[in-house]
Amino acid sequence: MSQLDHIAQSRQQKLERLRQRGIAPYPNTFHRTHNTAEAVALLDKQAADQTERPAVTVAGRIMANRSMGKIAFLDLRDGSGKIQLFINTKNLTEIQLDLLKDIDIGDIIGASGGVFRTRTNEPTVEVKDFTMLAKSLQPLPEKWHGLADVDLRQRQRYLDLIANTEVRDVFLTRSKVITTIRQFLNEQGFIEVETPVLQPSAGGALAKPFITHHNALDQDFYLRIALELHLKRLIVGGLDKVYELGRVFRNEGISTKHNPEFTMMESYQAYADYQDVMAMTEEMVSGVCRQILGTTEVKWGEHIIDFKSPWPRISLHDAVKEYSGIDFVKYPRADSLREKMQEMNIKIDPAKNWAKLVDELVSTFVEPKLIQPTFLIDYPASMSPLAKSKSGEERVVERFEAIAGCMEIANAFTELNDPLEQRQRFEDQLKERQGEGEEKWTIDEDFLNALEYGMPPTGGLGVGIDRLVMLLTNQQSIREVILFPAMREKPQENNLPKSAPEK
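The following paragraphs examine the structure supplied in this document.

Conventions adopted
- Residues numbered from 1 in each chain as written.
- Predicted model: local features only at pLDDT ≥ 70, side-chain atom pairs only at ≥ 80, totals over all residues.
- Heavy atoms only, no water.
- Helix = DSSP H or I, 4+ residues; strand = E, 2+ residues; numbered from the N terminus.
- Expected span 1.5 Å × (residues − 1).
- Buried < 20%, exposed > 50% of the residue type's maximum accessible area, 1.4 Å probe, protein only.
- Polar contact = N/O pair within 3.5 Å; in protein donor to acceptor, adjacent residues only side chain to side chain.
- Phe/Tyr/Trp six-rings, centres within 6.5 Å; stacked < 30°, edge-to-face > 60°.
- Lys NZ or Arg CZ within 6 Å of the ring centre and 35° of its normal.
- Core = buried A, V, L, I, M, F, W, Y, C linked by side-chain atoms within 4.5 Å.
- Contact = heavy atoms within 4.5 Å.

Taking 1.5 Å of rise per residue, 20 residues should cover 28 Å, and helix α8 (residues 274-293) covers 28 Å from first to last C-alpha, within 8% of that figure. Taken as a whole, α8 has its buried residues at Tyr274, Val277, Met278, Met280, Thr281, Glu282, Met284, Val285, Ser286, Val288 and Cys289. N-cap assignment for α8: the residue whose side-chain oxygen lies 3.0 Å from the backbone N of Gln275 is Asp273. Phi for Gly294, located one or two positions after α8, is positive at around 80°.

Rendered as structure tokens:
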């Protein structure tokens, strides 16, 4: 029998003993008066000369058990923090003594008593009564103060959250980022809406979709790859400022910057252009930093990134020319640009079209140089079929990408609202992509129909929430800011953590 099997068997026996003594190991409810943070705050409010110990009832998971003869100290943790429990066995009934013997690290208990500070200034509850709320049948990882196995942490996030308080902090920050962005947009007069996740056409971005089938309708649907086309329908309908925060899905590669499902915030504002959206983006992101972190400066690896506005604005053409040495304007065809890139020993996929080759130059040469937040502006039209051309520059569109920490965190356009030009761009793009086979792409006829009713000049924005959270929490992998990232499934027996010896 393995150590894990032995521990599990021991805990099962303790569970049975609880039931035999008439103790419910998984009661329906428990009413606490304070969480641990509130109990500590109550203690701090107490006058220094006051001797009475405020009464509290707390509940949480036992993270440590230090028994010393007739007294025991237990560390109890809940979602708000930690507090120590002090138990004097001479004050316990026989039933409570038996229960104490069957308590393991990882069990969830409730406890009542007076809160005080020990001589070492530790906030502590002197326990008068306690009860089992959930018996843990599996031991916590060997070092419950720090689970280090990255694969295990990400597969079994519940263990990660139990073991690593800094992981909780990352996801608390993520929640605050989303809340603060919502607050910012609401104060700007935007309204939050919801659009379909299942869509009959995959549009709004150049990406390979996930496909599913609806049995009742006998029709294929696509998990959305962007929020854009439905949100712009709402602009047509007269909702002048709209946004959505939601998941999008792309059936593509996985990396430290990419997960098949990720969270986007997209906003659309009538009577605005990409210059207006740029100003809003830097104001929003710098405001999020100040409100959550108290500063616009964040640590990112070995760097300090300052999100204070204004951010530099560099044309895409100038940035690619400066960092790669290639002036892509001089190579207007895919074969000539590909040949130039091969001369510089750049490995490329021969199936990539001109727009994808330029994008390869950006990701290879430009993004790695941009640590501080920077707007790359004015993209070739062939890279941006949904963006409006600059006045007097037919081949350049009013688009920007915000880059920080060597990765794109936002993408925005002055939206193309000419229905005939939009149709032509879609058709040209469809012809280009017919031979690729890698990414299924269709024309959304209903979106084109909506444009024919008239869409006002509009500025649109997409922000990658996961990447923004990566920067604000100093995480180098997108998996560290997604609670349940996509991972290849492994046999169950390989997912078991190493356990601590039972005491």
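A few words now on the packing of aromatic side chains. A full pass over the atoms with the stated rule returns six aromatic pairs. Residues Phe73 and Phe86 carry aromatic rings whose centres are separated by 5.3 Å and whose planes lie at 40° to one another, so their mutual orientation is tilted. With Phe73 in strand β2 (residues 71-78) and Phe86 in strand β3 (residues 81-88), the pair connects residues that are 13 residues apart, well separated along the chain. Measuring from ring centre to ring centre gives 4.9 Å for Phe375 and Phe400, while their planes differ by 70°; the resulting arrangement is edge-to-face. Pair noted here: Phe375 is in strand β15 (residues 374-380) and Phe400 is in strand β17 (residues 393-404), with a separation of 25 residues, a long-range link. These aromatic residues form a ring-pair network of at least three members: Phe307, Trp311, Phe375 and Phe400. For the cation-ring pair, Arg53 lies above Phe116, with the distance from its terminal atom to the ring centre recorded as 3.8 Å.

Below, the discussion takes up the nonpolar core. One finds Ile181, Leu185, Met265, Phe307, Phe400, Leu461 and Leu471 to be the most contacted residues of the largest nonpolar core, which totals 45 residues. Tallying contributions element by element places α8 first for this core, with eight residues. Residues within four places of Ile181 in sequence aside, it is in contact with Met265, Met284, Val288, Ile465 and Leu468. Among the nonpolar cores identified, the runner-up in size contains 43 residues, and Ile235, Ala355, Leu357 and Leu376 belong to it.

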